[in-house]
There are 2 protein chains.
Amino acid sequence: MSPIPQENIIRVEPQEAKIIDGKKIAEDIRGELRQQVKEWMKNENQRAPHLTAVLVGDNAASQTYVKNKMKAAAEVGITSETKQLPKTISEIELLSILTDLNNDDNVDGILVQLPLPDHINERKICNFVSCDKDVDGFNEKNIGRLCLDMNTLIPCTPLGIKELIKRSEIETFGKHAVVVGRSKTVGMPMMMLLHADGRHETGAMDATVTICHRFTPPSDLKQLCKMADIVIVATGIPGLIKEDMIKPGATVIDVGITRVFDEKTGKSKLVGDVDYENVKKVAGFITPVPGGVGPMTVAMLMRNTFVAAKKLAESRNDKFIN
Amino acid sequence: MSPIPQENIIRVEPQEAKIIDGKKIAEDIRGELRQQVKEWMKNENQRAPHLTAVLVGDNAASQTYVKNKMKAAAEVGITSETKQLPKTISEIELLSILTDLNNDDNVDGILVQLPLPDHINERKICNFVSCDKDVDGFNEKNIGRLCLDMNTLIPCTPLGIKELIKRSEIETFGKHAVVVGRSKTVGMPMMMLLHADGRHETGAMDATVTICHRFTPPSDLKQLCKMADIVIVATGIPGLIKEDMIKPGATVIDVGITRVFDEKTGKSKLVGDVDYENVKKVAGFITPVPGGVGPMTVAMLMRNTFVAAKKLAESRNDKFIN
């Protein structure tokens, strides 16, 4: 058999995944919000929406997170303040501060930065934040409403991922999505938004959904991920998702963010739960870390604050009329 | 090649599934409850737990369901009454009746039989039932607590299925369960109890869970069910699950119950969502319809009423002491 002439060999280069640029999409959303807030204030004669962050103790990461959120708020025209409280504050003192914020007509959104010190019951605190001002969507009643597909304030990270998927025009209807990680702030609400009925109030995504977690055997995890059209990972385990676990063309959303030591540079760097460099050779869409899901979480917090402000203004208005 | 002598051929008869006898298990549970209620009343000097059913209109099926529940109550030593209300009752009148029941110290459990007439908002009614007396577990706050793995009154059907699985000694830890149907009374809470952390308050089952629904393509449904160790079906589509969709030895739980015309007998009969006669040749465990999940739902309603009664008695006691 004579060799095939070189010019007749068509080399099909593997197509690399399209990078979902969360930083850019979040920027777009902040720009839209800025415009919407401005128009609402003008047309409805309203003060700016107001977000209050409650920060207990001096955890450096928490301080950075809150600072970034407040910066985003300023950018979209939301006023904000941070209540910096000592880590020795008692639960009852914290509850008393939350009572004031719940009752304060000048506050639209309340954000209690987690984690809280060990002597404070986080669940109790989350449930104490007024449902109407619960911009993190962590109050048990708001979680219940989300799970019943009802209009509510939805946790920012899953809401941001929904927005990423939507704006990247990735089909979810009847597709198979795998969520890896069953946390109550990401995995569980994500599974809700993915599987539920798009005709209901939350505008969910009508996907078939599998939830995997620490007790899913590695072989099952691989088999299920490999079947999925969409894989969303939120475990905090760097590099958990490898290229041989992903179906060619699938969408891979990486929620993980872990600081690791980089041997090449001798410096620390942030990595996700996905083996990004290799998975992007197989996937159709992929989010980078950092610059993927993270900025969307903050953008959704701003949107939730605006939604809360509009609803609270309406209810004050109704009270005034009646 | 000479033929193999007949006596050397070992015929392996396919092993039929073990039938999970829900009727018998429910009977056991009612017997246990009867004993527990009796001891509690004696030891704690309490009146019998009391369940009030609210039945609106004259739907024949609803009347039968309520009658069966009241019969089970009597059997375990729970006193009960049924408030039979006209289908023309207004929402506000119904809310007023619920206010009275919520405030009545002689009522431990309130059960509003669904469906309600179209002019009444079911969600509003479910949310109005005091969380402490919400023995159906339909209040949005109780749903939120379930989804956060917190101690709460859990919807009776998924709770009953959990009990069936547990008493049949079927392993769920790290297994793959497929839930077919995403209703808020069965599919969604079932997915919660199956996937969540067994170390938390709901004592969940630590399985990998896939939820399928009307928009899951039939080929995906088949492939996913075939992979599953446990398949739980609640769709109301008779015969949806066929033998070629089940992994040999898997557990199949059938929540469906539909009245169909039986050509053989010329009479109507009740069937589930599973092609029972054929699937039982493949499955390891299977629930019959009727006599599988149905009786468990009623038994769990009794357990929830007893749980509510104990908790309410404790809180009345605490009030008395303070």
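Bear in mind the structure is a predicted one, so any value in this text is a computation, not a measurement.

1. Concerning the nonpolar core
- Residues Ile232 and Met302 of chain A together with Ile232 and Met302 of chain B are the most contacted members of the largest nonpolar core, which totals 120 residues.
- Among all residues touching Met302 of chain B, those that are not within four sequence positions of it are Leu33, Leu51, Lys69, Ala72, Ala73, Val76 and Ile78 of chain B.
- Among the nonpolar cores identified, the runner-up in size contains 41 residues, and Ala228, Val231 and Val279 of chain A together with Val233 of chain B belong to it.

2. What to know about the relation of the copies chain B and chain A
- Placing chain B over chain A gives an RMSD of 0.0 Å and needs a rotation angle of 180 degrees, together with 0.0 Å of translation along the axis. Expressed as an axis order, the relation between the two copies is that of a two-fold axis.
- When the interface residues of chain B are mapped onto chain A, 100% of them again lie at the interface, so the same face is used by both copies.

3. Quick look at the sheet that holds strand S4 (residues 109–112) of chain A
Residue and element names in this part refer to chain A.
- Taken together, the three strands give an open sheet; going across it, the order is S3-S2-S4, and neighbouring strands pair in parallel fashion. Every interior strand has two partners, whereas the edge strands, strand S3 (79–85) and S4, have only one. Each strand axis lies, on average, 15 degrees off the axis of its neighbour in the sheet, ignoring direction.
- The pairing of strand S2 (residues 50–56) with S4 spans four bridges and is classified as parallel. Within S4, the residue paired with Ala53 across the bridge is Leu111.
- Packed on one face of the sheet, helix H3 (residues 91–103) meets S2, S3 and S4 and runs near 180 degrees to S2.

4. A short note on the packing of aromatic side chains
- According to the stated counting rule, one finds four aromatic pairs over all chains in the structure shown.
- Aromatic side chains Phe215 of chain A and Phe173 of chain B sit 4.4 Å apart centroid to centroid with 40 degrees between the ring planes, which places their arrangement in the tilted category. A residue pair is termed interchain when its members come from two chains, as with Phe215 of chain A in the loop between strand S6 (208–212) and helix H8 (218–227) and Phe173 of chain B in the loop between helix H6 (156–167) and strand S5 (176–180).
- Residue Phe215 of chain A is classed as partly exposed on the basis of its relative accessible area, which comes to 22%.
- Measuring from centroid to centroid gives 5.6 Å for Trp40 of chain B and Phe306 of chain B, while their planes differ by 80 degrees, and the two rings are edge-to-face. In this pair, Trp40 of chain B is assigned in helix H1 (residues 22–43) and Phe306 of chain B in helix H10 (residues 293–321), connecting sequence segments 266 residues apart.
- Among the residues examined, Trp40 of chain B registers a relative accessible area of 11% and is labelled buried.

5. Some details on the UniProt feature "domain: Tetrahydrofolate dehydrogenase/cyclohydrolase NAD(P)-binding" (unreviewed entry) in chain A
- Taken from the UniProt record, the annotation "domain: Tetrahydrofolate dehydrogenase/cyclohydrolase NAD(P)-binding" (unreviewed entry) applies to residues 155–311 of chain A.
- Secondary structure across residues 155–311 of chain A divides into 34% helix and 19% strand, with the first and last C-alpha atoms of the span separated by 17 Å.

6. Here we look at the interface of chain B and chain A
- Facing the 38 residues of chain B at the interface are 38 residues of chain A.
- Counting the contacts that link chain B with chain A gives 10 salt bridges.
- As a salt-bridge pair, Arg182 of chain A and Asp206 of chain B come within 2.8 Å of each other at their nearest N and O atoms.
- Counting the contacts that link chain B with chain A gives 23 residue pairs in polar contact (both at pLDDT 80 or more).
- Among the elements of the structure, helix H5 (140–147), helix H7 (187–195), strand S6 (208–212) and helix H8 (218–227) of chain B are those that each provide at least two residues to the side of chain B that touches chain A.
- By residue number, the principal contributor to the side of chain B that touches chain A is H5 of chain B, which donates six residues.

7. A look at the sheet that holds strand S11 (residues 285–286) of chain A
- Spatially, 12 strands are ordered S1(A)-S11(A)-S8(A)-S7(A)-S5(A)-S6(A)-S6(B)-S5(B)-S7(B)-S8(B)-S11(B)-S1(B) in an open sheet, and the strand pairing comes out mixed. A single partner strand is all that each edge strand has here, and the edge strands are strand S1 (18–19) of chain A together with strand S1 (18–19) of chain B.
- Relative to strand S8 (residues 251–254) of chain A, strand S7 (residues 230–233) of chain A is paired through four bridges, and the arrangement is parallel. In the sheet register, Val231 of chain A faces S8 of chain A, and the bridge partner there is Val252 of chain A.
- Helix H7 (residues 187–195) of chain A rests against strand S5 (176–180), S6 and S7 of chain A together with S6 of chain B of the sheet, and its axis sits at about 165 degrees to S6 of chain A.

8. Section: the side chain of Asp108 of chain A
Residues and elements named next belong to chain A.
- Checked against the element boundaries, Asp108 lands in the loop between H3 and S4.
- Only 2.8 Å separates the side chain of Asp108 from the side chain of Arg47, close enough to count as a polar contact.
- A distance of 2.8 Å separates a polar side-chain atom of Asp108 from the backbone nitrogen of His50.

9. Quick notes on helix H2 (residues 60–76) of chain A
All names here are of chain A.
- The first and last C-alpha atoms of H2 sit 25 Å apart over 17 residues, in line with the 24 Å expected at 1.5 Å per residue.
- Buried residues of H2: Ser62, Val66, Lys69, Met70, Ala72, Ala73 and Val76, and no others. Take H2 and look down its axis: the buried residues cluster within an arc of 160 degrees, on one side only. Exposed and oriented more than 90 degrees from the buried face of H2 are Ala60, Lys67, Lys71 and Ala74.
- Two or three places before Ala61, at the start of H2, stands the capping residue Asn59, its side-chain oxygen 2.9 Å from that residue's backbone nitrogen.

10. A closer look at the side chain of His176 of chain B
- Along the chain, the position of His176 of chain B falls in strand S5.
- Engagement of the side chain of His176 of chain B in a polar contact is seen with the side chain of Thr210 of chain B, the distance being 2.8 Å.

11. Let's talk about the state of the cysteines
All names here are of chain A.
- Under the criterion given, the structure shown has zero disulfides over all chains.
- We note that Cys212 lacks a disulfide partner, and the nearest cysteine sulfur, in Cys225, lies 5.7 Å from it.
- Classification of Cys212 as buried rests on a relative accessible area of 0%.

What counts and how
- Residues numbered from 1 in each chain as written.
- Chains lettered and ligands numbered in written order.
- Predicted model: local features only at pLDDT ≥ 70, side-chain atom pairs only at ≥ 80, totals over all residues.
- Heavy atoms only, no water.
- Core = buried A, V, L, I, M, F, W, Y, C linked by side-chain atoms within 4.5 Å.
- Buried < 20%, exposed > 50% of the residue type's maximum accessible area, 1.4 Å probe, protein only.
- Contact = heavy atoms within 4.5 Å.
- Least-squares fit on C-alpha atoms with pLDDT ≥ 70 in both.
- Pairing = 2+ DSSP bridges.
- Helix = DSSP H or I, 4+ residues; strand = E, 2+ residues; numbered from the N terminus.
- Axes fitted to C-alpha atoms, helices over the stretch in contact; angles between N-to-C directions.
- Phe/Tyr/Trp six-rings, centres within 6.5 Å; stacked < 30°, edge-to-face > 60°.
- UniProt positions renumbered as here; feature names shortened; annotations may be inferred.
- Salt bridge = Lys/Arg side-chain N within 4 Å of Asp/Glu carboxyl O.
- Polar contact = N/O pair within 3.5 Å; in protein donor to acceptor, adjacent residues only side chain to side chain.
- Expected span 1.5 Å × (residues − 1).
- Arc of directions from axis to C-beta.
- Disulfide = S-S within 2.5 Å.

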